[in-house]
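This is what each chain is made of:
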Amino acid sequence: MKPSSKVLTILFALLAGMSLLATRLSAQSTFASLTGTVRDSSGAVVPQANVSLTEVNTNLVQNTSTDGNGDYNFLNLLPGHYVVAVKRAGFQEFKTTVFELVARQEQRADATLNPATQATQVQVVSAAPLINTEDAAITDATRNLDLVNAPFNFRTINTSPLAALYIMPEVVKGGGNDGRAATPFNIQGSSAAMSDVTVDGVWDGSTRRNGVDFNPFPSTDSISELRVDSVGNAAEYSRVADVLFVTKGGTNQIHGAAFYNYNGNALNANPNVFFNSTSSRLPSRSVSNDYGVSVGGPIRRNKTFFFGTFEGLKVHQYAGVNTQVFQAPWRNGDFSSLLQGSNPIQLMDPFSGLPYQNNQITEAINPVTKALFDKYMPAPNSGVDRYIFSQPITSDSNQYDIRIDQNITERHRLFARWSDKYFTPTTSSMLPGLGIGNVVNRPKNLVVSYNFAAKANLLNEFRFGWMQSNQLVNQIGVDEATARADLGLNLPGTSFPTGSGFPHFYFGGSAQDISGFNREDAVKSRNMEWGDNLTWTRSRHTMKFGAVVHRFGVNEQSSFNGADNLGEYHFSNFIPSAQNPSVNAGTGY
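Parameters at a glance
- Residues numbered from 1 in each chain as written.
- Predicted model: local features only at pLDDT ≥ 70, side-chain atom pairs only at ≥ 80, totals over all residues.
- Heavy atoms only, no water.
- Helix = DSSP H or I, 4+ residues; strand = E, 2+ residues; numbered from the N terminus.
- Buried < 20%, exposed > 50% of the residue type's maximum accessible area, 1.4 Å probe, protein only.
- Contact = heavy atoms within 4.5 Å.
- Areas by Shrake-Rupley, 256 points an atom, 1.4 Å probe, with all protein chains shown as cover.
- Arc of directions from axis to C-beta.
- Polar contact = N/O pair within 3.5 Å; in protein donor to acceptor, adjacent residues only side chain to side chain.
- Phe/Tyr/Trp six-rings, centres within 6.5 Å; stacked < 30°, edge-to-face > 60°.
- Pairing = 2+ DSSP bridges.
- Core = buried A, V, L, I, M, F, W, Y, C linked by side-chain atoms within 4.5 Å.
- Salt bridge = Lys/Arg side-chain N within 4 Å of Asp/Glu carboxyl O.
- Axes fitted to C-alpha atoms, helices over the stretch in contact; angles between N-to-C directions.

*Asks:* I'm lost on the overall build of the protein in this one. Help?
*Replies:* Counting its regular elements, the protein contains five helices and 29 strands. The burial tally for the protein puts 46% of its 589 residues in the buried class. A fraction of 70% describes how many contacts in the protein between residues 6 or more apart in sequence connect residues 24 or more apart. With an accessible surface of roughly 27800 Å², the protein has 54% of that area assigned to carbon and sulfur atoms.

Here is the structure:
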C-alpha cells in the first residue's frame, strides 16, 4: 500500500470512530477556498500549468498544478489578502491583483493565458471576481473596522463583540443581553439557542443556559471578521443559522493601535426625568471608560506571527430604584386611613373579636418586624408609600487575548489563541439595606488548529477548543449570618452557608415583596471540543468529511428557593375586619 493510501485509510478510520461519539455530524471550519480554470486565448483548457497562491501579508506561498480539465484548487485558506500567479511554457504569465478572501468563502479565479512572443514578456493582470458563483448560500460578513467604528455604544456596557451582531441585516435584537435562553438575538425567526455561535470555529455557548455566553469572547479589537450564514448553509452548518467570529493573526509588518472610548453624563439622559418626585432627587452619574491596545507582527519572518490585545472597561453609574414600602403611619400601628373613603374598613382584634378604636393597634410590634423596619425597609420618602433611592453600580472588566500563527512548512500550518477575562459587575437591590450585589466572572478559552496537506487534493484540519467559566453570584450585599443576627431569627440548625442570603417576605401588595434573589451561587462550567475535517478533491468534485466531539460539564451550588435556610414568610392582603371577621392572617403585630 502506498504511503498516501495509508494516510487516507487512517484518516477515514479516525473520522468513522469519532462520528459514533459526535454530538454534531461535522466539525466547523473557518477556512476559505479558491478554485479556478485555466484556459488559453482560444478557450481550450491548459493542463499542467503551474499555479501559485501568495498571502501578501505573511508571504506564505502555496503551489499546485492544473489537472487534465485545466482546474486547480486551494483549500483550507486562512482569511487574508492573496495573489494568484499562473505559468506555463509557451504562454505569458497571468497574475491577479490583490484580492481578499474571508472566512468560509468559496471563491473562483479563472485565468486566460495568451501565447508568448520572443519580442516581449507581458504580464497579464486581472482581478478575481467578487461574485460568489460556487454555492447558493446567503451570507453577510463585516470586517474589523466596521465593528470598531459602528455607530452604537455596545462597548460602554460589556467588552464582548457579540452585541455587534445587531448591525448585521439578518439579525434582530432579542429580549435580553445576558446570553441566556431568553435569546439576545433572532436570525431568520429563530432564537439564539437554534443558531451556532463559534469563535475561530469552536462553539461558544452556555450549557447551563442553553444559549450564548457573552463573556468568553475575545476583545472586539481582536476580531478580524464577523460572518453570518443564514440561508443555504452547507451540511456542516446544520442549524438554522451560523454566526462566526474570526480573530486576527499577525503579519510580516508590525502594526499596533490604542483606543479610548468615553461615555459620560453629558451624553446620557438624566434619570430624574423618569421619576415623578419632588421630595427626593436622585444623583445622576454615569461614566464609562473603555480603553485598550493591540499589537501584532512577526516573531520569525514568513514563519511565525503574533497578535495580542488588552482591553479594560470601567463603568461607574447610579441605579435609580423606586420601591413601594409600607405607609409611615402603618409602621406604627396607625391604620386610621382605612376608615376613610367610600368603603371604610374597621379592623378587629382577631383574639377578642372587638374592634380596634380608630384602627389604632396598640400591641407591641413583633421584634422581627421592628428589626426589618429599622434596618432594611425604610419609611417612604416620596408620596404615600414610595421610597426612591439610588445605588452606585460599577462594572469592571480586564481581558487579554494572544494568538500565534506558525507556518511550519507549505504543507503544515498551525495557530493557537488564548483569551482570559476578569469581569466583576455589581447589581442594585430593591431596598438600600440589602446592599449591593456582585458577580465575579472568570472566563478563559483556548483554541488550537492544525492544518495538514497530505497531498495537493487531500487536506485535513484538526481543531481543539477548551472553555472554562467560573462564576460567583451574590445578588444582594447581606450575608446570611448578618441577616439572622439583625432580624433575631432563631432558626434550627447550626450549619449555614457563609455567602449572601436573606429571608423572603411576601406582603400581598401592601408593599414591595422582599424576594426574587437567590443566596450565593457558585457556578463552574467547562466545555471541551475536538473536531476534524477532511477535504478531498477529485477532478471537479470536492468531498468533505468531518466530525466533532463535545464534552460538557456544569457544577452549580443551587438551592430550591432563594431564601433557602432562612425561610419564606407570606402575609395576605386580607386583614381581620368587621367586613371580613373570619380572616386569620398575620399583620406583623
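Having put the structure on the table, let's press on.
*Asks:* Is there a simple way to explain unusual backbone geometry in this structure?
*Replies:* Peptide bonds are, in most cases, trans, and in most cases residues other than glycine have a negative phi. Of note, Gln 48 is a non-glycine position whose phi angle comes to about 60°, a positive value. Relative to the assigned elements, Gln 48 resides in the loop between strand 1 (32-40) and strand 2 (50-55). At Asp 200, a position not held by glycine, the phi torsion is positive, near 55°. With respect to the element layout, Asp 200 can be found in the loop between strand 15 (195-199) and strand 16 (202-203).

*Asks:* I keep staring at the side chain of Ser 52 and nothing clicks. Help me out?
*Replies:* The residue Ser 52 is located in strand 2 in this model. The exposure class assigned to Ser 52 is buried, which follows from its relative accessible area of 18%. Residues contacting Ser 52, with those up to four places away along its chain left out, are Val 61, Gln 62, Asn 63, Phe 74, Val 83, Val 84 and Ala 85.

*Asks:* What's the story with helix 5 (residues 480-487) in this structure? I'm lost.
*Replies:* Along an α-helix, residues three or four apart share an orientation, since each turn contains 3.6 residues. Looking only at helix 5, the buried set comprises Glu 480, Ala 483 and Leu 487. One face of helix 5 carries all of its buried residues, which in axial projection span an arc of 60°. On its buried side, helix 5 packs onto helix 4 (367-375) and strand 26 (504-506). Its side-chain oxygen at 3.1 Å from the backbone nitrogen of Ala 481, Asp 479 defines the N-terminal cap of helix 5.

*Asks:* How should the packing of aromatic side chains be read in this particular structure?
*Replies:* Two numbers describe a pair of aromatic rings. These are the distance of the centres and the angle of the planes. Under the defined criterion, the tally for this structure stands at 13 aromatic pairs. Measuring from ring centre to ring centre gives 5.8 Å for Tyr 72 and Phe 74, while their planes differ by 65°; the resulting arrangement is edge-to-face. Here Tyr 72 matches Phe 74 in class, with each residue buried. An angle of 5° between the planes, with centres 6.2 Å apart, marks the rings of Phe 505 and Phe 507 as stacked. When its relative accessible area of 7% is taken as the criterion, Phe 507 is described as buried.

*Asks:* Which parts of the structure should I look at to understand the sheet that holds strand 12 (residues 171-173)?
*Replies:* Adjacent strands of a sheet form backbone hydrogen bonds with each other and so pair up, either parallel or antiparallel. Taken in spatial order, the three strands of this open sheet run 12-13-14, and their pairing is antiparallel. Each edge of the open sheet is held by one strand with a lone partner, namely strand 12 and strand 14 (190-191). Here three bridges tie strand 12 to strand 13 (residues 185-187), and the two strands are oriented antiparallel to one another. The residue bridging Val 171 from the neighbouring strand is Ile 187, located in strand 13.

*Asks:* Which parts of the structure should I look at to understand the environment of Leu 414?
*Replies:* Relative to the elements of secondary structure, Leu 414 occurs in strand 23 (residues 412-427). Put simply, Leu 414 and Arg 463 are 49 residues apart on the chain and 9.8 Å apart in space, counted from C-alpha to C-alpha. Not counting chain neighbours up to four residues away, the residues in contact with Leu 414 comprise Ile 404, Asp 405, Gln 406, Ile 408, Val 448, Ser 449 and Tyr 450.

*Asks:* Quick question: what am I supposed to make of the nonpolar core here?
*Replies:* Across soluble globular proteins, nonpolar side chains have a tendency to be buried as a group. The biggest cluster of nonpolar side chains holds 31 residues, and the ones touching the most others in it are Leu 372, Met 377, Leu 434, Leu 487, Phe 502, Phe 507 and Ile 514. For this core, the secondary-structure elements that each account for two or more residues are helix 4, strand 22 (386-407) and helix 5. Looking at this core element by element, the count peaks at three residues for helix 4.

*Asks:* When you look at the pattern of salt bridges in this model, what are you seeing that I'm missing?
*Replies:* Side-chain pairs of opposite charge can arise whenever the charged atoms involved come near each other. Scanning all chains against the criterion turns up 11 salt bridges. We note a salt bridge from Asp 229 to Arg 104, for which the minimum N-O separation is 3.9 Å. Residue Asp 229 is located in strand 17 (residues 223-231), and its partner Arg 104 is located in the loop between strand 7 (99-101) and strand 8 (106-108); the two are separated by 125 residues in the primary sequence. Asp 229 sits in the buried class, given a relative accessible area of 3%. On the basis of relative accessible area, Arg 104 is assigned to the buried category, the value being 7%.

*Asks:* How do you make sense of helix 4 when you look at a structure like this?
*Replies:* Residues of helix 4 that are buried include every one of Thr 369, Ala 371, Leu 372 and Phe 373, and no others. At the N-terminal end of helix 4, a side-chain oxygen is found 2.8 Å from the backbone nitrogen of Val 368, two or three residues along, and the residue is Asn 366.

*Asks:* What's the story with the side chain of Glu 311 in this structure? I'm lost.
*Replies:* Position of Glu 311 relative to the elements: it lies in strand 21 (residues 304-324). Overall, the relative accessible area of 0% leaves Glu 311 in the buried class. A polar side-chain atom of Glu 311 sits 2.6 Å from a polar atom in the side chain of Ser 219. With residues near it in sequence (within four places) discarded, Glu 311 still touches Arg 155, Thr 159, Ser 219, Thr 220, Phe 259, Asp 290, Tyr 291, Gly 292, Ser 397, Asn 398 and Gln 399.

*Asks:* Can you help me understand the pairing of strand 21 in this one?
*Replies:* The two faces of the sheet receive side chains in turn, since in a regular strand these alternate between them. Relative to strand 21, strand 20 (residues 286-300) is paired through 14 bridges, and the arrangement is antiparallel. Following the sheet pairing, Asp 290 is matched in strand 21 by Leu 313. With antiparallel pairing between neighbouring strands as the criterion, strand 20 and strand 21 make up a hairpin whose turn holds three residues, including Asn 302 at a positive phi of roughly 70°. The pairing of strand 21 with strand 22 spans 21 bridges and is classified as antiparallel. Paired with Gln 317 across the bridge in strand 22 is Ile 393.

*Asks:* Looking at this structure, how should I read the sheet that holds strand 24 (residues 437-455)?
*Replies:* An order of 19-20-21-22-23-24-25-27-28 is seen for the nine strands of this open sheet, with the pairing classed as antiparallel. The two strands at the open ends of the sheet, each matched to only one other strand, are strand 19 (255-263) and strand 28 (541-556). On average, each strand axis in the sheet is inclined to that of its neighbour by 10°, with strand direction left out of account.

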